[in-house]
Amino acid sequence: MKITFVKKIKEDGEECKKCREVTERLKAGNELTLIDKIVYADMRDADSVGLKLAKEHNIDIAPFFIVESEGNVTVYKTYMELKKKILKKALEKADIEIEERRKANAGIDSGDLTQSKTKTKPAFDIEQLNEEFERKMPQELLEWGLKEFHPCIAFAWSGAEDVAILDMLVKINPKARIFTLDTGRLNPETYDLIDRVRERYGIDIEVMFPDAAEVEEMVREHGVNLFYQSVENRQLCCNLRKVQPLKRMLSSLDAWITGLRRGQAVTRTVLKKIEIDESFGGIIKLNPLADWSHKDVWDYIHKNNVPYNELHDKGYPSIGCAPCTRFVKPDEDIRAGRWWWESPEGKECGLHVKSK
Ligand code: SF4
């Protein structure tokens, strides 16, 4: 299969706005790699490849896509159409191929899926590493992680107080990879912080989005605010909007970094600084702030003048999606405002289920 992406160049030489937006969506969905060729319909040049293709297929809008497969040619006039019919399946196929490669690399029989989750395990003595790094500064663990895995390691930045890690990482290596999950339900303050961070450090943040078609289906079936109806619905929403995009990102990595701390929740008290993440293919998970307190994090943020989410000043010590986070009173637990209608023991979104 071959996918050609036809973009338009306007009379003033600028690329059309819609074409730029579609490119961003393809990038955000990790789908740009599925496009074989980009050509331009240049309004200043009647002989441009894109204009000839538009004429040949009787198309008068841009962008559009031409898909050639087994001798058939199909034209898709919108990104959503291409996504539903082609890209979604292609990504699933790519996921399967990655998993197959992982298994092949680990020398594991293709029939045993559970064992394939131990790919990186034999390379490191996790217990010994934990002993070594338990007494060390977060920066030392980050340096180790970057030395061992970069560019196949990335920091999952939540847009909240873990911005301290982002600051440390960029100071160690400005090319360190940082991604965030845009669930589509974040607070305006969080979006604002993402842009302030980009500007302040001059870095790219890889923003991962959920699958639009799956979210549309979920909302059609259960409503927009389904998470208030039951734990199952809340977990379904977290799965589609957070876990699946995370899974997509982690499938291309050997290690990831989080801002988890032991003091954050009853579900995190035994957190190790280095873990094998069995939930995401057995890759390494680094939690450099595991032993830091809330105060340690904020001392670092203030001392280093790190930009932070304005919601923290409005009574939100822990920040997630807008409808699932409320402010907390001074005497409440710092995560009391997350999914406040549920009991504390179950308050995880699936991003950080127990690792070894
Ligand atoms: S935190 Fe709430 S809105 Fe965000 S993904 Fe989970 S259930 Fe959905």
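Residues numbered from 1 in each chain as written. Predicted model: local features only at pLDDT ≥ 70, side-chain atom pairs only at ≥ 80, totals over all residues.

1. Comments concerning the environment of I284
Assignment of secondary structure puts I284 in strand β10 (residues 283–286). For I284, a count of 26 C-beta atoms within 10 Å corresponds to the buried category. Along the primary structure I284 and G145 are separated by 139 residues, whereas in three dimensions their C-alpha atoms are 9.2 Å apart. (Helix = DSSP H or I, 4+ residues; strand = E, 2+ residues; numbered from the N terminus. Buried ≥ 20, exposed ≤ 12 C-beta atoms within 10 Å, placed from the backbone.)

2. As for unusual backbone geometry
Cis peptide bonds are those with omega within 30 degrees of zero, and the linkage from A62 to P63 qualifies with 5°. Inspection of the secondary structure assignment puts P63 in the loop between α2 (49–56) and β3 (64–69). Along the chain, H150 connects to P151 via a cis peptide bond; the corresponding omega equals 5°. Mapping P151 onto the fold places it in the loop between α5 (138–149) and β5 (153–156). One non-glycine residue, E70, lies in positive phi territory at about 45°. Turning to its location among the elements, E70 is positioned in the loop between β3 and β4 (72–76).

3. Here's the deal with the pairing of β3
One ladder, built from 5 bridges, connects strand β1 (residues 2–9) with β3; its direction is antiparallel. The partner of T4 across the bridge, within β3, is I66. Bridge analysis of β3 against β4 gives 5 bridges, and the strand direction is antiparallel. Bridge pairing links I66 to V75 in β4. Remark: 2 residues form the turn of the hairpin made by β3 and β4, two consecutive strands paired antiparallel; E70 in that turn has positive phi of roughly 45°. (Pairing = 2+ DSSP bridges.)

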